[in-house]
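Here's the letter readout for the chains.
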Amino acid sequence: MTSSMTTPTTSHDHILILDFGSQVTQLIARRVRESGVYCEIWPFNTATAEKIKDYNPRGLILSGGPCSVTAPDSPRAPEGVFEMGLPILGICYGQQTMCEQMGGKVEGSDHKEFGRAYVEITKPCALFDGVWGTGKKEMVWMSHGDRVTKLPEGFEIVGISEGAPCAAVANENKKMYGVQFHPEVVHTPHGAALIKNFTHKICGCSGDWTMNAFRQEAIEKIKKQVGDKRVICGLSGGVDSSVTAVLIHEAIGDQLTCIYVDTGMMRAGESEQVVSLFKDHYNIKLIHEDASDLFLGKLAGVTDPEQKRKIIGGLFIEVFEDCAKRIGGAEFLAQGTLYPDVIESVSFIGGPSVTIKSHHNVGGLPERMNMGLVEPMRELFKDEVRALGRELGMNEDFIRRHPFPGPGLAIRIPGEITAEKLEILRNADKVYIEEIKNAGLYDVIWQAFAVLLPVKTVGVMGDDRTYDHVCALRAVTSTDGMTADYYHYDHEFLGRVANRIINEVRGINRVVYDITSKPPGTIEWE
């Protein structure tokens, strides 16, 4: 998975999660880390007992997955993993394959459980200690068609549900536990406490992995990797690249130079904010390259969204390279790569996934520029990056900002992009975000933005007929952007926003609200 896969990246207690392809495996890692324990996710088919032994985790968690244990050639835990003496927690598919591989039996069930269910606690065990009591019924989230029907030797049932006679099982002597439900999702109210019981009480982890500790360790790693060499960092204005830059600057000072490429497709006031923050506040060397005319010129007449992304990505690399040559002498390139990027770069079944849309990043730069990579946040999730930003003393308004795509406003203008359309959209988006903040909703919403549609409609303003653009508003709630639901505004708020946009933004005479979830839609429109 990574070059450090068999070597612990931290001196702290750590847990290893073996991924069998569940869509919520990342949530397991987040729950473990929230309890102060470092963890990593490895695809099940890249792990061996020898690699796991070298990694030296305090315990293993086996994730859920989309396959059936009863199917031929379905995924299995590495051979020998159940003889290593490590505490193990199997979740959903993880429970089933553990039981099957240790001599139990799994069968398809006529009574499938999807969504909310209730588990009756039939016996006490270390996993439930202080959280669930015997005889109680507890709400959980289920998603399964198969079920364990025969337990391996040494295991006993500690919880049952209507569709799963072995909803929770335990082998206290071997410190092995299996649950058919998903404790990692918020729909299992006490799930995080169960996972903490596993990491702290069963595995004996101390919970000393904090952002302060990460900060100090990352600074030492950067110093050791870079030495007296120079580093360049591409700033997008987003949280990831900004926290990366501030952390590296704290480690090596003036050896770092940041490059901010203004594509002309940024939000209102964004370029000024970035330049002020890094030049004036942090005193970090910064090249501000205004390439807006170049980008808009190359995008003229282009309407296909994939072509837009490729043009923007290619131009960004060209402009960045040109700036780097002017600086001269840099041997390292810094990137704001996060842990989900690392995880998703390796498919658990070893095959390519469907491309929904190309992601714009500086991914093409390292190969072309023959530079070493500095990626100090490749172990962190998005919420941990924000926590690190706070640890570094960064402005709260800045680190709380909603995600913003690399291609910027270009993918929020379906159809051809023009300077006029960009200005209309900037002004509408500014009004929308202002109203969200005024209503105290900004931190409740994961991402919100305006879209300028490629249609015009008839309107009436005063006694005049208008024929102007339609603006769509988008707001979603999410934990990681992988799935999302639209935010349920009240109509009074939507009416107020629409009224302001139509009255204050010349070029728009109609406003609509997007109530599509992800899936089936994507968060962005292109």
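None of the values given here were measured: they were computed from a predicted structure.

**Considering the nonpolar core**
Working step 1: By size, the foremost hydrophobic cluster in this structure holds 120 residues, and its most contacted members are Y432, I436 and Y489.
Working step 2: Examining the composition of this core, we find that nine residues originate from one element, helix α9 (residues 305-327), more than from any other.
Working step 3: Apart from the residues lying within four places of it in its own chain, the contact partners of Y432 are A448, F449, A450, L473, R474, A475, Y489, F493, V497 and Y513.
Working step 4: Within the second largest apolar cluster, 38 residues are counted, among which are L127, A164, Y177 and C205.

**Focus on the packing of helix α8 (residues 292-299) against α9**
Axis angle and axis distance: for two packed helices, these are the angle between their axes and the distance between the axes, and together they describe the pair.
Working step 1: Viewed as axis vectors pointing N to C, α8 and α9 meet at an angle of 145°, and their least axial separation amounts to 10 Å. When you trace α8 past α9, the crossing you get is right-handed. Across the interface between the two elements, L294, F295, K298 and L299 of α8 pack against K308, I311, I312, L315, F316 and V319 of α9.
Working step 2: Its residues assigned to classes, the contact of α8 with α9 comprises eight nonpolar, no polar and two charged.

**Remarks on the state of the cysteines**
Think of a disulfide as a covalent bridge from one cysteine sulfur atom to another cysteine sulfur atom.
Working step 1: All told, the structure shown has zero disulfides when counted by the stated rule.
Working step 2: C67 takes part in no disulfide bond, and the closest cysteine sulfur to it belongs to C92, at a distance of 12 Å.
Working step 3: Residue class for C67 comes out partly exposed when judged on its relative accessible area of 33%.
Working step 4: We classify C92 as buried; its relative accessible area is 4%.

**Quick notes on the pairing of strand β9 (residues 176-179)**
Working step 1: Because side chains alternate across β9, one face comprises the buried residues M176 and G178, and the other comprises Y177 and V179, equally buried.
Working step 2: Pairing between strand β4 (residues 88-91) and β9: four bridges, direction parallel. Note on β9: the bridge partner recorded for L89 is Y177.
Working step 3: Alignment of strand β8 (residues 168-171) against β9, held across four bridges, turns out to be antiparallel. Within the sheet, the bridge partner assigned to A168 lies in β9 and is V179.
Working step 4: Following β8, the chain reverses through four residues before pairing antiparallel with β9; K175 in that reversal takes a positive phi of roughly 60°.

**Notes on the sheet that holds strand β12 (residues 285-290)**
Working step 1: Strand order across the open sheet formed by five strands is β12-β11-β10-β13-β14, with parallel pairing between neighbours. What marks the edges here is a single partner per strand, and that holds for β12 and β14 (372-374). The mean inter-strand angle of the sheet, taken between neighbouring strand axes irrespective of direction, is 30°.
Working step 2: As defined by bridge partners, strand β13 (residues 330-334) adjoins β14 across three bridges and the pair is classed as parallel. In the sheet register, A334 faces β14, and the bridge partner there is V374.
Working step 3: Relative to the sheet, helix α6 (residues 239-252) contacts β10 (230-235), β11 (256-262), β13 and β14, its axis offset from that of β10 by approximately 160°.

**Section: helix α3 (residues 93-101)**
Working step 1: Burial runs high along α3: seven of the nine residues are buried.
Working step 2: Taken together, the buried positions of α3 are Y93, G94, Q95, Q96, T97, M98 and C99.
Working step 3: Just past α3, the residue G103 takes up positive phi, approximately 110°.

Cut-offs used in this document
Residues numbered from 1 in each chain as written. Predicted model: local features only at pLDDT ≥ 70, side-chain atom pairs only at ≥ 80, totals over all residues. Heavy atoms only, no water. Core = buried A, V, L, I, M, F, W, Y, C linked by side-chain atoms within 4.5 Å. Buried < 20%, exposed > 50% of the residue type's maximum accessible area, 1.4 Å probe, protein only. Helix = DSSP H or I, 4+ residues; strand = E, 2+ residues; numbered from the N terminus. Contact = heavy atoms within 4.5 Å. Axes fitted to C-alpha atoms, helices over the stretch in contact; angles between N-to-C directions. Left-handed = near helix turned anticlockwise from the far one by under 90°. Nonpolar A, V, L, I, M, F, W, Y, C, P; charged D, E, K, R; others polar. Disulfide = S-S within 2.5 Å. Pairing = 2+ DSSP bridges.

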